[in-house]
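Listed here are the chains, written in short residue letters.
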Amino acid sequence: MTTFADLGLSQKVLSAVTDAGYTIPTPIQAGAIPPALQRRDILGIAQTGTGKTASFVLPMLTLLEKGRARARMPRTLILEPTRELAAQVAENFEKYGKNHKLNVALLIGGVSFDEQDRKLERGADVLICTPGRLLDHCERGKLLMTGVEVFVIDEADRMLDMGFIPDIERIAKMIPFTRQTLFFSATMPPEIQKLADQFLQNPERIEVAPPSSTAKTVTQRLVACHNKDYEKRSTLRDLIRAQDDLKNAIIFCNRKKDVADLFRSLERHGFSVGALHGDMDQRSRTTMLAGFKANAITLLVASDVAARGLDIPDVSHVFNFDVPIHAEDYVHRIGRTGRAGRSGAAFTLVTRSDTKFLDAIEKLIDQKIEWLDGDLSALPAPAESHDESRGKRGRDKGRERRGGHKSDTRSEYVKPVEEQQVVEAVKVEVVKAEPVAAERRTDKRRDQNPRNNRNNPSPANDDNRDRRRNRHHDHDDGPTPVGFGDDIPAFMLIVAAAKA
Ligand code: AMP
């Protein structure tokens, strides 16, 4: 059996790997490390969770032992599609490079340029960047790319999805042709193959799992449900509560707005929950992720920005609140669980309108996914109250708004306390008198202020929302507003003056 010692890595690297507790290289490591040390180009086809990061970090550390960095002339460059992924690669350099004295600069958006500039000035052995921020630095004249010896493009298919390919092409033109290029992608659609052909010279191709395969350790199930957000939220809550072995979970939504909505809904139902999506400021994203990694948060509602490459060991469950539109995203999402041989569970909520996306996923992974409780044809008719006539729903809505009791239909959405397993307690909302129209307008303006963006669950915004929630009855889990909806005329909201 191949060991790390057989791969040609330096003593310093081997000792750090031993300290990390790893003895046997994973297949991508065993395949990529020896040719990378021989300065060969690499085409690595591997999904996240396979040990892909160490497969380029370890040989880079060994190669970097010879030579020194010069001011503003980095020696190696790693491109990552997201800030989190870039930060994670930097952590890998810390872990495996603990016996080296290398300068690692992390250039990501959302944080100030100043400290990044100082690091570049000192001379960076390793530059880890998202493409946009790197180009910003280049345009500011702070960087010379002519000293780059090793160029790593990680998660190339994700870069393609995120529209980064033109940026990468620009960056590649700034780096000497004689460089070594290490190129990684989980899938190899034709566009990525074209890019690989353009960037790589006689590469060593290492493919560790068939493209787009899913880990065998993950139990996958489909859950049929109706195509209404409140039905889906209710189904999701039941599903979460039914999982005896749930330690922590990532819940994926297709849209950022839905991440924010679902986050608030779960929070209101008493779940320990955080949110992660691309519109959040960097500090909130980092805080959320750290809280989730430290088990301070049990559920993380996320957009696909979190789907790829985030190394959160031991996620027990993945829930797809939405069926992903791109079939490859399914593979990446469920790759968050069942990592490094552990077992995991992945549930996908499927509505009638999702069948074509589901077909594409099953075709891609070349397997039929089992239904948990019968397929869409077994789905019972939507609950009576959800089928209420639009007019009645509108009237109920109006009554709630005017400070009346919550309609009885609400009880369908909140489970009795004793049924809750993950949740300690359901927060019972006290419905207070509705604010007058002027206050509602103020809230509307606050919502329009980007600092109070509903999609940005930063602590400050949470505070604002909590304050609003205490003043309003929040209808998030009820049927979609109809009738007057949010545009209820102001005169209908004026509270009658109390008699002295
Ligand atoms: P990655 O695919 O790079 O995100 O790595 C997935 C996980 O596997 C990370 O938690 C790594 O720390 C871990 N890992 C990397 N290499 C090995 C190895 N040789 N043996 C066991 N676990 C590893």
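Placed above this text is the structure.
Residues numbered from 1 in each chain as written. Predicted model: local features only at pLDDT ≥ 70, side-chain atom pairs only at ≥ 80, totals over all residues. Heavy atoms only, no water.

Engineer: I keep staring at helix α14 (residues 355–365) and nothing clicks. Help me out?
Structural biologist: Side chains that are three or four residues apart share a direction in an α-helix, a result of its 3.6 residues per turn. The set of residues buried in α14 consists of Leu358, Ile361, Glu362 and Ile365. All buried residues of α14 lie within an arc of 95 degrees about the axis, which places them on one face of the element. Along α14, exposed side chains directed more than 90 degrees from the buried face belong to Lys356 and Lys363. Where the residues of α14 are buried, they touch β8 (218–224), α13 (327–334), β13 (344–350) and β14 (370–371). Of the residues trailing α14, Asp366 is marked for its positive phi of about 55 degrees. (Buried < 20%, exposed > 50% of the residue type's maximum accessible area, 1.4 Å probe, protein only. Helix = DSSP H or I, 4+ residues; strand = E, 2+ residues; numbered from the N terminus. Arc of directions from axis to C-beta. Contact = heavy atoms within 4.5 Å.)

Engineer: Which parts of the structure should I look at to understand the pairing of strand β9 (residues 249–252)?
Structural biologist: Each regular strand carries side chains that alternate between the two faces of the sheet. Neither face of β9 is exposed, since Ala249 and Ile251 on one face and Ile250 and Phe252 on the opposite face are all buried. As judged from the four bridges shared by β9 and strand β11 (residues 299–302), these two strands associate in the parallel manner. Pairing of Ile250 across the sheet is with Leu300, part of β11. In terms of strand pairing, β9 meets strand β12 (residues 317–320) through four bridges, oriented parallel. Its bridge partner lying in β12, Ile251 is registered against Phe319. (Pairing = 2+ DSSP bridges.)

Engineer: Help me understand the sheet that holds β12 in this model?
Structural biologist: What holds strands together in a sheet is hydrogen bonding between their backbones, with the strands either parallel or antiparallel. On the basis of which strands lie adjacent, the open sheet formed by seven strands has the order β10-β11-β9-β12-β13-β8-β14 and parallel pairing. Edge positions in the sheet fall to β10 (273–276) and β14, since each of these pairs with one other strand and no more. Lying over the sheet, helix α11 (residues 256–268) contacts β9, β10 and β11, oriented at roughly 175 degrees with respect to β10. (Axes fitted to C-alpha atoms, helices over the stretch in contact; angles between N-to-C directions.)

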